[in-house]
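# Tertiary structure, described
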Amino acid sequence: MTASSETGKACAFELLARSHPSPLIRGCFRSEIKAIQVTAAVRGMDAVVGMDAFRPSSLTSCLEGVDVAVVVTPFDATRGFERDSELSENMIHAAVTAGVRRIIYVGSWTVKEPQRLHGIAQRFYSTENYLKHELPDDVEWTVLRGGYFMNNFLHLFKDSIRADGVIRFPKIMVPAVDTRDIGRCAAALALEPTDVHHGKVYHMSGPVVLSMQDIADVLSRALRTKVRFEELSVDAWCADKIPALVELVQYLVKEQALAVPFHPEHISQILGGGEDPTSLEVWAKEHRAVF
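What you see is a predicted model, and the numbers here were worked out from it, not measured in a lab.

## Brief notes about the layout of surface pockets
Its volume calculated, the second largest pocket comes out at about 350 Å³. Together, 16 residues line the second largest pocket, and Leu24, Ile25, Val66, Asp67 and Val68 are the ones closest to its centre. Looking at the lining of the second largest pocket, the elements that each hand over two or more residues are β1 (25-29), α3 (60-63), β3 (68-72) and α8 (179-191). In terms of residues, the lining of the second largest pocket owes the most to one element, β3, which gives 3 residues.

## A few points about the state of the cysteines
Tallying each qualifying case throughout the model produces 1 disulfide. As a non-bridged cysteine, Cys11 has Cys185 as the owner of its nearest cysteine sulfur, 10.0 Å distant. Owing to a relative accessible area of 1%, Cys11 belongs among the buried residues under this scheme.

## Re the side chain of Thr278
Relative to the helices and strands, Thr278 is located in the loop between α12 (264-271) and α13 (280-286). By relative accessible area, Thr278 is classed as buried at 14%.

## Some thoughts on the sheet that holds β3
The parallel open sheet is built from 4 strands, whose spatial order is β3-β4-β5-β8. Edge positions in the sheet fall to β3 and β8 (200-204), since each has one partner strand and no second. Within this sheet the neighbouring strands show an average axis-to-axis angle of 20 degrees, counted without direction. Two strands pair when backbone bridges link them, and strand β5 (residues 140-146) and β8 are joined in this way by 5 bridges, in the parallel orientation. Residue Leu144 lies in a different strand from β8, and its bridge partner there is Tyr202. Docked against the sheet, helix α4 (residues 84-97) engages β3 and β4 (102-108), running at close to 175 degrees with respect to β3.

## A few points about empty space enclosed by the protein
Inspection of the entire model under this criterion finds 2 cavities of 30 Å³ or more. One number sums up the size of the largest cavity: a volume of about 100 Å³. Lining the largest cavity we find Met1, Thr2, Cys28, Leu59, Leu63, Ala69, Val70, Val71, Met91 and Ala95. The set of elements that each furnish at least two residues to the lining of the largest cavity consists of β3 and α4. Of all the elements, β3 adds the most residues to the lining of the largest cavity, at 3 residues.

## Thoughts on the pattern of salt bridges
If you walk through the whole model with that rule in mind, you get 20 salt bridges. Between Arg55 and Asp52 there is a salt bridge whose closest N-O contact spans 3.9 Å. A salt bridge links Glu286 to Arg180; the shortest N-O distance between them is 2.5 Å. Placement of Glu286 in helix α13 and of Arg180 in helix α8 is noted, with a sequence separation of 106 residues between them. We classify Arg180 as partly exposed; its relative accessible area is 28%. Connected via shared salt-bridge partners are Glu14, Asp181, Arg184 and Glu275.

About the cut-offs
Residues numbered from 1 in each chain as written. Predicted model: local features only at pLDDT ≥ 70, side-chain atom pairs only at ≥ 80, totals over all residues. Heavy atoms only, no water. 1 Å grid on protein atoms, 1.4 Å probe; cavity = no way out; pocket = protein on both sides within 12 Å on 5 of 7 lines; lining within 4 Å. Points joined across faces, edges and corners; volume = space filled by probe spheres on them. Helix = DSSP H or I, 4+ residues; strand = E, 2+ residues; numbered from the N terminus. Disulfide = S-S within 2.5 Å. Buried < 20%, exposed > 50% of the residue type's maximum accessible area, 1.4 Å probe, protein only. Pairing = 2+ DSSP bridges. Axes fitted to C-alpha atoms, helices over the stretch in contact; angles between N-to-C directions. Contact = heavy atoms within 4.5 Å. Salt bridge = Lys/Arg side-chain N within 4 Å of Asp/Glu carboxyl O.

Right, here's the structure in full:
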């Protein structure tokens, strides 16, 4: 698996928790520093360092003998978005060439609007098409379309909450999801012994659709401090943002509750046992120290 992300780490944790004896989990890393950080937190994962999807031949040692590959779309803010789908496809191709027969791909909800959300959707859209149309018939695949991440709230609002107890953003409505739930779903799929999930696309969303005022109220309770919502205009928020984020926020404001697919039943279905998606309140309480 590509294990550098929060989703990848959560997948590894869940694999170790769900399976006894523990399966062999092999994490692929470009950086030795990142590998050390992740394996220190995820005991029991075998790390392979020096993997670079720009050099597909470098991926072979990580993928040989693997039954299931979990591919999380790579992200490097310094590199930009333009080649992310190429890198994902290189990883998938290398996995199939090495004999992997099940692919679990973590993509994004933004592929539903490849033109209106081109800046972000370009990272994922062609990879989904690659899975659907380019794989051999004997290779199974499943897509988990990541939703709007709760982690975004930490990056967006941490500083202003610390400064004056205010979150400033345009009015949107999102079914925010905990990225760890996506990783847990990837693990559950990887351990599924049948092909029941082959060819399926699942939407990863939180348990409820939240307005910005809802988010402020939940953060107030979870962080034990008053958090107010102050609406910003789209133009004001977007003034210094990259085009991909401008597209995204304009879309979220226009479409409101219909913007991000809302299917909490997909996480519950995959995890089984009556497990529901993590609520924002639970997530925020667990992250109180970093707010």
